[in-house]
Amino acid sequence: MITTVTMNPAVDKTVTIEGFAIGAVNRIVSSRVDAGGKGINVSKVICQLGGKSRAAGFLAGQAGRFIKEYLDQQGIENRFHFIPGETRTNLKVVDTSGKTNTDINEPGPELAAAAREGLQEDLLNTMGAEDILVLSGSVPANVEKTVYREWIEAARQKGIKTLLDADGELLRQGLEAGPYLVKPNIHELENLLGCDLTTTEEVLTAVDKLRALHKIENVVVSLGSEGALFVGERVLLAEGIKVEVKSTVGAGDAMVGALAFALDQAYSFEQAAILAVAAGTAAVTMDGTQASDLRLIRSYAEQVKWKEIKREK
């Protein structure tokens, strides 16, 4: 079983504007609305890949009902707890002429400690050894930044493999618990370490330190258009594929979804890396935060170029 947790989901409204300008009237060329939140995006990708997952977290109000209805229609199992308030709506502004993507995100409703603890107990009681738990995205402002660390520690006691995709203090605290796999992008990794990482060797050295310090089995660093670095039983560097980018939102989630699916299906390290890069590439060619279809992901998988980096033992 793959379970994805989204503590702060969102309705993603994506608008396309040609020549977006601050302090001026901007006219929308096109718009779309998607059920979003990083964990939900992960579940959407797993579904497109032909896998099954359970999406869980917290929803509220009319926007929350919209998200649940979407998941039900897509046949994605979900176990969300409804809380007071209103699930946030995040605005994504895509400027086609300026080639920029701007996110304007709401904070979301507050989350009571009892609600969070109730969801954790609810989910972990139904999971066991070899199950997969994906923890990703932001949390409501009033939730402690140690929350992912607590989930990972509790999951490890049951033999559950955890995948962590977070930023800032959530990432820093989560690493302390030693997740099975962590997927920062290069900017998140640089922010975590407080330094610039300009070469592959510098990134590898940083990853080696993280793995040794926190006993993390796998680290995947997404490098944007440059591809991704996969460090685990082997070290693979996959090149990016040149495509027309429509939206970068959800690309990292697509990679995490592919990695969770590959782990669940016992793919080889190489197969997992190829699928992750292909899914991330396909995601940026889509409008909004919709998941790309399987045929597109497979077509990019055939184009992925990678090399193995041999390390001295």
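Scroll up to find the structure this text is about.
Residues numbered from 1 in each chain as written. Predicted model: local features only at pLDDT ≥ 70, side-chain atom pairs only at ≥ 80, totals over all residues. Heavy atoms only, no water.

Side note on the pairing of strand S7 (residues 100-104)
The test is simple: DSSP calls a pair of strands paired once it identifies at least 2 bridges connecting them. Put simply, DSSP H or I for four residues or longer makes a helix, DSSP E for two residues or longer makes a strand, and each gets a number counted from the N terminus.
Alignment of strand S6 (residues 88-95) against S7, held across five bridges, turns out to be antiparallel. Bridge assignment links Lys 92 to a residue of S7, and that residue is Asp 103. If you look at the hairpin formed by S6 and S7, you'll find four residues sitting between the two strands, and Lys 99 has a positive phi there, around 60°.

Let's talk about the packing of helix H5 (residues 168-176) against helix H6 (residues 186-193)
Stated formally: Where helices are involved, their axes are fitted lines through C-alpha atoms of the stretch in contact, as for all axes, and angles between N-to-C directions lie from 0 to 180°. Oblique is the label for every angle not falling under 35 degrees (roughly parallel), over 145 degrees (roughly antiparallel), or within 65 to 115 degrees (roughly perpendicular). Contacts between residues were defined by any pair of non-hydrogen atoms, one from each residue, lying within 4.5 Å. Amino acids outside the nonpolar list (Ala, Val, Leu, Ile, Met, Phe, Trp, Tyr, Cys, Pro) and the charged list (Asp, Glu, Lys, Arg) are all regarded as polar, and Gly is one of them.
Between H5 and H6, whose axes approach to 10 Å, the crossing angle comes to 75°. On the basis of their axis angle, the class for H5 and H6 is roughly perpendicular. On the side of H5, the interface is formed by Leu 171, Arg 172 and Leu 175, while H6 contributes Glu 188, Asn 191 and Leu 192. Within the contact of H5 with H6, the residues separate by chemical class into three nonpolar, one polar and two charged.

Focus on the packing of helix H4 (residues 147-156) against H5
The line we're drawing: When the near helix sits turned anticlockwise from the far one by under a right angle, the crossing is termed left-handed; a clockwise turn instead gives a right-handed crossing.
For the pair H4 and H5, the least separation of the axes is 7 Å and the interaxial angle reads 25°. When the interaxial angle is binned, H4 and H5 end up roughly parallel. Note that H4 runs across H5; the crossing there is right-handed. When H4 is examined against H5, the residues Val 147, Tyr 148, Arg 149 and Ile 152 are found in contact with a partner set consisting of Leu 170, Gln 173, Gly 174 and Glu 176. Along the lines of polarity and charge, the residues of the contact of H4 with H5 split into four nonpolar, two polar and two charged.

Points about empty space enclosed by the protein
Threshold: We place a 1 Å grid over just the protein atoms. Points where a 1.4 Å probe fits but has no way out form a cavity, open points with protein on both sides within 12 Å along at least 5 of 7 lines form a pocket, and any residue with an atom within 4 Å of a point lines it. Grid points are joined across faces, edges and corners, and a volume is the space filled by probe spheres set on the points.
Under the counting rule described, the total for this entry stands at two cavities of 30 Å³ or more. A volume near 110 Å³ is recorded for the largest cavity. Around the largest cavity, the lining is made up of 15 residues, and of these Val 45, Gly 250, Ala 283, Gln 290 and Ala 291 lie nearest the centre. Secondary-structure elements contributing two or more residues to the lining of the largest cavity are helix H1 (38-48), helix H8 (251-264) and helix H9 (269-284). No other element matches the three residues that H1 contributes to the lining of the largest cavity. Here the lining of the largest cavity is composed, by residue class, of seven nonpolar, six polar and two charged. Taken as a whole, the second largest cavity spans an internal volume of roughly 50 Å³.

So, the packing of aromatic side chains
Our working rule: Side-chain rings of Phe, Tyr and Trp, where Trp is taken by its six-membered ring, are said to pair if the distance between their centres is within 6.5 Å; with planes under 30 degrees apart they count as stacked, over 60 as edge-to-face, and otherwise as tilted.
All told, the structure shown has one aromatic pair when counted by the stated rule. Both rings, one in Phe 261 and one in Tyr 267, keep their centres 5.8 Å apart while their planes meet at 80°; by these two values the pair is edge-to-face.

Description of unusual backbone geometry
With phi around 60°, Lys 99 is a residue other than glycine that occupies positive phi space. Along the chain, Lys 99 turns up in the loop between S6 and S7.

Thoughts on the pattern of salt bridges
To keep it simple, the criterion reads: Salt bridges are counted wherever a side-chain nitrogen of Lys or Arg sits within 4 Å of a carboxyl oxygen of Asp or Glu. Here's how the labels work: a residue is buried when its accessible area is under 20% of the maximum for its type, exposed when over 50%, partly exposed in between, all with a 1.4 Å probe on protein chains only.
Tallying each qualifying case throughout the model produces twelve salt bridges. The salt bridge involving Lys 161 is made with Glu 130; its shortest N-O contact spans 3.8 Å. Of the two residues, Lys 161 is situated in strand S9 (residues 161-165) and Glu 130 in the loop between helix H3 (113-124) and strand S8 (132-136); the sequence distance between them amounts to 31 residues. The class of Lys 161 is partly exposed, set by a relative accessible area of 23%. Notably, a salt bridge pairs Arg 234 with Glu 308, separated by 3.0 Å at the nearest N-O pair. Separated by 74 residues along the polypeptide, Arg 234 in the loop between strand S12 (227-231) and strand S13 (235-239) and Glu 308 in strand S14 (residues 306-308) bring together distant segments of the chain. On the basis of relative accessible area, Arg 234 is assigned to the partly exposed category, the value being 24%. Among the residues examined, Glu 308 registers a relative accessible area of 30% and is labelled partly exposed. Overlapping salt bridges, with partners in common, bring together Lys 38, Asp 165 and Asp 253 in one network.

Re the sheet that holds S6
As summarised here, the arrangement of the four strands in space is S3-S2-S6-S7, forming an open sheet in which the pairing is mixed. Of all strands in the sheet, those bounded by a partner on one side alone are strand S3 (30-36) and S7. For this sheet, the mean inter-axis angle between neighbouring strands, taken without regard to orientation, is 20°. Two strands pair when backbone bridges link them, and strand S2 (residues 10-17) and S6 are joined in this way by eight bridges, in the parallel orientation. Residue Lys 13 lies in a different strand from S6, and its bridge partner there is Leu 91. Packed onto the sheet, helix H2 (residues 61-74) meets S2 and S3 and runs at close to 80° relative to S3.

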